[in-house]
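Okay, here's what each chain looks like letter by letter:
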Amino acid sequence: MIKIKPEELTLLAQYIHNISGIFYDQKKAYLFESRLGPIVEESGLSNYTELYHKAKANPKKGIEKKIIDAISTNETLFFRDTGPFDLLKQKIMPDLIDARSAKTAGRQVPLKIWSSACSTGQEVYSIAIVLKELLFDFKKYNIKLLGTDISDAAVAQASSGKYNKFEIERGLARNTLQKFFTLNGGSWKIKDEIRGVATFKKQNLMLPFNGLGKFDIIFCRNVAIYFSMADRKKVFNKLADMLVPDGYLIIGSTESLTGVCPKFVPERHMRSVYYKLK
Amino acid sequence: MNSLKILVVDDDPSTRLLLKKWLEKEDFDVETAVNGMEAVGLISGHYYDVVLTDLMMPGGVDGLGVLDAARETHGGRTEVILITAFASVENAVVAMRKGAADYLQKPINHDELMLRLEKISSMKALIKNAGDLREAMDVTEQNAAATIQNLEMEISRLNKKLSVGA
C-alpha cells in the first residue's frame, strides 16, 4: 500500500470535505491509505498528490466518483436498530394516515418518505416492508419512497434491489426474506411490489435539495456523524425545510439535535425518539 | 484444530470412506450419507458448515437436490461443494449458479480439497469476527442511545420550562 505523507493528509482531507462534507480525521492515515490507496494504484498514479490533481482536473469524470464510493461508509443492514421501524408501525403511520385520510376523502392517501442517506437500500426496503405489512393494499395509497445517497455505487445497488447472502443474513427474518425476496443465482432480489414504490437517486446532503418536494417522514440516520458540527447544523436546518408542518424526522439512535438545530423538538414513543417541527 | 462440521454425501462407498478418513485425520467433524435422500433428511435436522456431495447419485435426489435442501434449510450459512465426474463440468457450473461454493473433479485431489476447506474456514472466521464486531457495536450503540435519548428529552423539558418562565 502506498504511504500517505503528512502534507497529503491535509490536502486530501480538505478535498474529501469539499466533495462530500465527510470529515476525515487526519490522525487516521490508515483510513486514507486503505480507502484511497487502491484508487491510486489502479489509476497508475504514484502518490496521493497526483490523485488529488487528477480528480480536481476532471470533477465530472470517474476519479471523483470513485473517491466518493471509497470514502463513504456504507455500513447498513435491514431493520438496523429495530426502534424506528416499531415507531413507524405503531405510532407514525397510524397518526399520519388518520390525519391524511380525513383530507383525502376516498382518494388515494399520499405518503412521501425520504431515506436521505440510504446507502445500498436496506433502509428503504425495510420501510417499504413495514408499510406493506401494515397497509396490505398499496392501491389505496399514493406511496412515494425516495432513497438518496452520495455514492453512485451504493445508489446503483439500492436500485437493483439485489443482495448477496451476507447482506441478506443481516437483519432479515427468514419469513420476511421468503415473503419479499426471490432467490436468483447467488443473490436475492426484492420483489417488484416492494421495489415499485421506491425511487433512488444520487444526492449530496451538502448541496441544495432541488425538486424533491416536501416529505411526511424523513430518515437521516447515522450519516451526520461523519460531518463536522457546522455541517450538521446546515444539513438539519435544510432538512427542516423539506418536511411538511406535521412531518416526522428520524435520526440515528445515538445522535442528538441538541445544539444542532433549534427548529426541531424531540418526542418519545416507547424506546424511540423522533423529531417534529417546532 | 478444525471446527468445521462436514457432511459427506456419496453413493460410492470407497469415495465416501476415503473422504471421511482424510477429513477426520484433519480433525474435522464428519458425518456421512449414502445418498441424496439420506442427506436431505440429515440436513433438515442438523446444521453443517460444509456439505461435500457427489453430483450424480441414484434414488431421486442428486447433488443439486442436496444443494437446494441446504439452501432452503440453512440459507447461505451452509457451504456446498459438489463432486463431479470429469465430463459433467457443465452441471457443476449450473450448481455454482444455484449457489454452490465450489466443485471438485473426480478423482479428488487431497491437497486441493484441504485448500478449499481452508478457504471456507477462514471465511467463516471472518464472518464470525464481523458478527462479533457488530454485536459489540450494537451493545455499545444501545447503551449510548438510551443515555443520549434520556438527555435529549430532559434538555427539551428544561428548555420548555425556561421559555415559559421567561
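Just so you know, these numbers come straight off a predicted model, no measurement behind them.

Peer 1: Sorry if this is basic, but what is going on with the interface of chain B and chain A here?
Peer 2: It is common to give the size of an interface as the accessible area that goes away when the parts come together. Listed by partner, the interface residues are 13 residues for chain B and twelve residues for chain A. At nine residues, helix 5 (residues 110-165) of chain B tops the list of elements feeding residues into the side of chain B that touches chain A. Partitioned by chemical class, the residues of the side of chain B that touches chain A number five nonpolar, five polar and three charged.

Peer 1: How do you make sense of the packing of helix 2 (residues 36-45) of chain B against helix 3 (residues 63-74) of chain B when you look at a structure like this?
Peer 2: Geometry of a packed helix pair, given as the angle between the helix axes and the separation of the axes. Residue and element names in this part refer to chain B. Where helix 2 contacts helix 3, the two axes come as close as 9 Å, and the packing angle between them is 10 degrees. As summarised for this structure, helix 2 and helix 3 are arranged roughly parallel, according to the angle between their axes. From helix 2, G36, A39, V40, I43 and S44 reach across to helix 3, where they touch G65, V66, A69, A70 and T73. Looking at the contact of helix 2 with helix 3 residue by residue, the classes come out as six nonpolar, four polar and no charged.

Peer 1: Just to check I follow, could you spell out the sheet that holds strand 3 (residues 162-163) of chain A for this structure?
Peer 2: The strands that make up a sheet pair up through hydrogen bonds in the backbone, lying either parallel or antiparallel. All names here are of chain A. One open sheet holds the three strands; their spatial order is 3-5-4, and the pairing between them is antiparallel. Two strands in the sheet have a free side with no partner beyond their single neighbour: strand 3 and strand 4 (181-184). Sheet topology places strand 4 next to strand 5 (residues 187-190); four bridges connect them, and they run antiparallel. Looking across to strand 5, one finds that F181 is bridged to I190.

Definitions and limits used
Residues numbered from 1 in each chain as written. Chains lettered and ligands numbered in written order. Predicted model: local features only at pLDDT ≥ 70, side-chain atom pairs only at ≥ 80, totals over all residues. Contact = placed C-beta atoms within 7 Å. Helix = DSSP H or I, 4+ residues; strand = E, 2+ residues; numbered from the N terminus. Nonpolar A, V, L, I, M, F, W, Y, C, P; charged D, E, K, R; others polar. Axes fitted to C-alpha atoms, helices over the stretch in contact; angles between N-to-C directions. Parallel < 35°, antiparallel > 145°, perpendicular 65-115°, else oblique. Pairing = 2+ DSSP bridges.

Worth remembering: the numbers are spatial, not functional.
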